[in-house]
Amino acid sequence: MTQSVEGHSTHGSIARRRPPRAFTGRHMAVILVTFFGVVIAVNVLMARLASATFGGTVVENSYVASQHFNGWLDEARAQRKLGWKGALARGSDGGLEVVLSDAQGRALEGARVTALAEHPLGLRDDIAVTLHAVGAGRYEARLPAGRWRIKLTVRHGGALWRMVGDVA
């Protein structure tokens, strides 16, 4: 004869139930150590990734930078009025090539063009380059292979124009 004891069927014998294990301080200690171990490991990983990918300095002195802010805004307005455009690329020889045009789309010739090449992760030293005219509105300079953030400065006819871009 088959009978059911709390959902368990038995065939002539009584099912044995194991008594529940007691929750001890050792169990709680393992849970706490595991929880905080995971939290600390994630924090260490995130701190390591953050410090490895950010140079850390945006401006040397934020107070001094704030004193120049309005001047920077005026300079940006003057640059926008010029309407100049620039395109950064790798030249056929792997160097830096810049193509500049004025507000009407004509090639910007006779400009003095300089640049500061910065490695995006700060792994290489910055490189200051002077670009030389190689054609109508085209300027070139040697630049090592790799990815670079280019801070370009163009002086032409008493006007100053800047742009920032990346080349790979």
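Residues numbered from 1 in each chain as written. Predicted model: local features only at pLDDT ≥ 70, side-chain atom pairs only at ≥ 80, totals over all residues. Heavy atoms only, no water.

J.: Could you give an account of the packing of aromatic side chains, naming the residues involved and the relevant values?
T.: Inspection of the entire model under this criterion finds two aromatic pairs. With a centroid separation of 5.0 Å and an interplanar angle of 80°, the aromatic rings of Phe 35 and Phe 36 are classed as edge-to-face. (Phe/Tyr/Trp six-rings, centres within 6.5 Å; stacked < 30°, edge-to-face > 60°.)

J.: Describe helix 3 (residues 69–82), with residues and values.
T.: When the terminal C-alpha atoms of helix 3 are compared, their 20 Å separation across 14 residues agrees well with the 20 Å that a helix rising 1.5 Å per residue should span. Just downstream of helix 3, Gly 83 is the residue with a positive phi angle, here 75°. (Helix = DSSP H or I, 4+ residues; strand = E, 2+ residues; numbered from the N terminus. Expected span 1.5 Å × (residues − 1).)

J.: Run through the pairing of strand 9 (residues 159–167), naming residues and quoting values.
T.: Alternating positions in strand 9 separate cleanly, Ala 159, Trp 161, Met 163, Gly 165 and Val 167 being buried on one face and Leu 160, Arg 162, Val 164 and Asp 166 remaining unburied on the opposite face. Bridging between strand 8 (residues 148–156) and strand 9 involves nine bridges; their strand directions are antiparallel. Bridged to Thr 153 within strand 9 is Arg 162. In this antiparallel pair of consecutive strands, strand 8 and strand 9, the connection spans two residues, and Gly 157 shows a positive phi of 55°. (Buried < 20%, exposed > 50% of the residue type's maximum accessible area, 1.4 Å probe, protein only. Pairing = 2+ DSSP bridges.)

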